[in-house]
Amino acid sequence: MPNFTRRIALVTGAAHGQGREHAIQFAKNGADVILVDVPKPVDSVPYPLGTSAELRETASAVEGLERKALVVEADVRSIDAMRAVVADGIAAFGHIDILAANAGVVTYHQLVDMDDQAWQDTIDVNLTGVANSIRAVLPHMMERKYGRIVVTSSQAARRGVPNLSHYAASKWALIGLVKAVALEAAPYMITCNAVLPGAVNTPMMHHDEVYKVFVPEKDAPGLEDMEARLTQMNPMPTIWVEPTDISHEVLHLAAEESRFISGCTVDVAAAYNANLP
Ligand SMILES: NC(=O)c1ccc[n+]([C@@H]2O[C@H](COP(=O)([O-])OP(=O)(O)OC[C@H]3O[C@@H](n4cnc5c(N)ncnc54)[C@H](O)[C@@H]3O)[C@@H](O)[C@H]2O)c1
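Residues numbered from 1 in each chain as written. Predicted model: local features only at pLDDT ≥ 70, side-chain atom pairs only at ≥ 80, totals over all residues. Heavy atoms only, no water.

## Describing the pairing of strand β2 (residues 32–37)
Defined as follows: Buried, partly exposed and exposed residues are distinguished by accessible area as a fraction of the type maximum, computed with a 1.4 Å probe on protein chains only: under 20%, between the cut-offs, and over 50%, respectively. Helix numbers and strand numbers start at the N terminus; a helix is a DSSP run of H or I with at least 4 residues, a strand a run of E with at least 2. With its strands directed away from the observer, a crossover is right-handed exactly when the path from the first strand over the helix to the second travels clockwise. Any two strands with at least two DSSP bridges between them are considered paired.
For β2, the buried fraction is high: 6 of the 6 residues fall into the buried class. What joins strand β1 (residues 8–12) to β2 is helix α1 (residues 17–28), and the crossover it makes is right-handed. Pairing between β2 and strand β3 (residues 69–73): 5 bridges, direction parallel. Bridge pairing in β3 links Leu-35 to Val-71. In the classification by handedness, the crossover that spans β2, the intervening helix α2 (residues 52–64) and the parallel β3 is right-handed.

In structure tokens:
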């Protein structure tokens, strides 16, 4: 793994799931971290998001690795909140080198009967939230002529997916965002890339609503049904991609040595991506 000694990484959605693992992997490899999550519900999301206690647990895991953690409860939907996070981070650590813009939500609705809130929340968190996170940190990175931005998109940004028009629209849009930022930030030696995970073993994927979407032919599908479906879906013999698999690519793109990798999209999806043009 790359060495992140003296590097400061800001991770959004760090209370649990992939964001927690990114924070731990950054810390394991020498970075101090700024941990952001929203410890309150997003109206249209029916499964539990990160809590204050979980965010604190991520911080404890980082501190257990003898790295520093700054915990900030903030909603990526607010540009003011994200600017305050960046100001707090700079006050605590002096600078910020890396942004892992990972926070996201998913719900499942056909567009024809999607309620307004579901559409708005998805776009606000997954697209505007990532743009806010980048806008908040970019002036500081430009001033320092150093920065690594890694955005979490999805395999839903490679294809059309029924019940996910809002989510797919937000995740496809991130690719346009990443490529534009890569060009705008290039003169400052800042890189901006996206990772596109397949189905990852996190709280986002462990609840009844998602099981029903993946296994619609059953009345009350459970985890075993979901796992059987994912096994069929993944060309490689695995049920899930694990959070740590995503972290490895996030850290690769965030490394100092990856200085000329920018504007790229990287699939981490057990070859689920491989039959697309
Ligand atoms: N799990 C998957 O199968 C999968 C697949 C592809 C892409 N992704 C993407 O990966 C990223 C991480 O997802 P995950 O699987 O860890 O999900 P998760 O639900 O386990 O974790 C997401 C975290 O983001 C936080 N968050 C949500 N809204 C927020 C907001 N407004 N402000 C700040 N934090 C907020 C949540 O509280 C939670 O801690 C998301 O962008 C998701 O869309 C997930």
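After that view, the rundown keeps rolling.
## Section: the packing of aromatic side chains
Given two aromatic rings, their pairing is described by the distance between the two centres and the angle made by the two planes. Put simply, the rule reads: Whether two aromatic rings pair depends on their centres lying within 6.5 Å, for rings of Phe, Tyr and Trp, where Trp uses its six-membered ring; planes under 30 degrees apart make the pair stacked, over 60 edge-to-face, and the rest tilted. We call a charge positioned over a ring when the NZ of a Lys or the CZ of an Arg lies within 6 Å of the ring centre and within 35 degrees of the ring normal.
Counted according to the given criterion, the structure contains 1 aromatic pair. Ring geometry for Phe-4 against Phe-26: centres 5.2 Å apart, planes inclined by 85 degrees, an arrangement best described as edge-to-face. Residue Phe-4 is found in the segment before β1, and its partner Phe-26 is found in helix α1; the two are separated by 22 residues along the sequence. The pair formed by Phe-4 and Phe-26 is uniform in burial state, with each residue classed as buried. One cation-aromatic arrangement involves Arg-7 over Tyr-146; the distance from NZ or CZ to the ring centre is 4.1 Å. A cation sits over an aromatic face here: Arg-159 above Tyr-272, 3.9 Å from the ring centre.

## So, the environment of Ala-173
Note on placement: Ala-173 falls in helix α5 (residues 165–185). Exposure remark for Ala-173: the relative accessible area of 29% places this residue in the partly exposed category. C-alpha separation for the pair Ala-173 and Arg-67, spaced 106 residues apart in sequence, amounts to 34 Å.

## Describing the side chain of Arg-7
Where we set the bar: Pairs of N or O atoms within 3.5 Å make up the polar contacts considered here, provided that, within protein, one atom can donate a hydrogen while the other can accept it, and that residues adjacent in sequence are counted only when both atoms are side-chain atoms. Note on contacts: a residue pair is in contact if any heavy atoms of the two residues lie within 4.5 Å.
With respect to the secondary-structure elements, Arg-7 resides in the segment before β1. Here the side chain of Arg-7 touches Asp-97 through a polar contact of 3.0 Å, side chain to side chain. Once residues lying within four places of it in the same chain are set aside, the contact partners of Arg-7 are Ala-31, Asp-32, Asp-97, Ile-98, Tyr-146 and Glu-256.

## What about the site of the ligand?
Counted only if it meets this: Residues are counted as near a molecule or strand when any one of their heavy atoms sits within 4 Å of it. Accessible surface is estimated by sampling points in the Shrake-Rupley manner with a 1.4 Å probe; for residues, cover comes only from the protein chains shown.
Taken together, 32 residues are adjacent to the ligand, and Asp-37, Gly-50, Tyr-167, Val-200 and Thr-202 come closest. Between the ligand and the protein, one listed contact pairs an oxygen atom with a side-chain N or O atom of Asp-37 at 2.5 Å. Between the ligand and the protein, one listed contact pairs a nitrogen atom with a backbone N or O atom of Val-38 at 3.5 Å. In isolation the ligand exposes 830 Å². Once the protein is present, 99% of that is buried. For the shell around the ligand, the secondary-structure elements that each account for two or more residues are α1 and α5.

## What to know about the state of the cysteines
For clarity, the threshold we go by: Throughout, a disulfide means two cysteine sulfur atoms within 2.5 Å of one another.
If you walk through the whole model with that rule in mind, you get 0 disulfides. Cysteine Cys-192 remains unbridged, with the sulfur of Cys-264 as its closest cysteine sulfur at 10 Å. Given a relative accessible area of 0%, Cys-192 falls into the buried group. Taking relative accessible area as the criterion, Cys-264 reaches 29% and is therefore assigned partly exposed.

## Some details on unusual backbone geometry
Notably, Ala-270 is not glycine yet its phi reads approximately 55 degrees, a positive angle. Its location among the elements puts Ala-270 in the segment after β7 (265–268). When its relative accessible area of 10% is taken as the criterion, Ala-270 is described as buried. At Ala-271, a position not held by glycine, the phi torsion is positive, near 75 degrees. Position of Ala-271 among the secondary structure elements: in the segment after β7. For Ala-271, a relative accessible area of 27% puts it in the partly exposed group.

## Here's the deal with the packing of α1 against helix α8 (residues 243–254)
Rules: Fitted lines through C-alpha atoms give the axes, limited to the stretch in contact for helices. The angle between two N-to-C directions lies from 0 to 180 degrees. Any angle that falls under 35 degrees is termed roughly parallel, while one over 145 is termed roughly antiparallel, one within 65 to 115 roughly perpendicular, and all others oblique. Put simply, a crossing is left-handed when the front helix is turned counterclockwise from the back one by less than a right angle, and right-handed when it is turned clockwise.
Running from N to C, α1 and α8 point in directions that differ by 55 degrees, and their axes come no closer than 9 Å. As judged from the angle between their axes, α1 and α8 are oblique. Two packed elements cross with a definite hand, and for α1 against α8 that hand is right-handed. Seen from α1, the contacting residues are Gly-17, Gln-18, Glu-21, His-22, Gln-25 and Phe-26; seen from α8, they are Pro-243, Thr-244, Ile-246, Ser-247, Val-250, Leu-251 and Ala-254.

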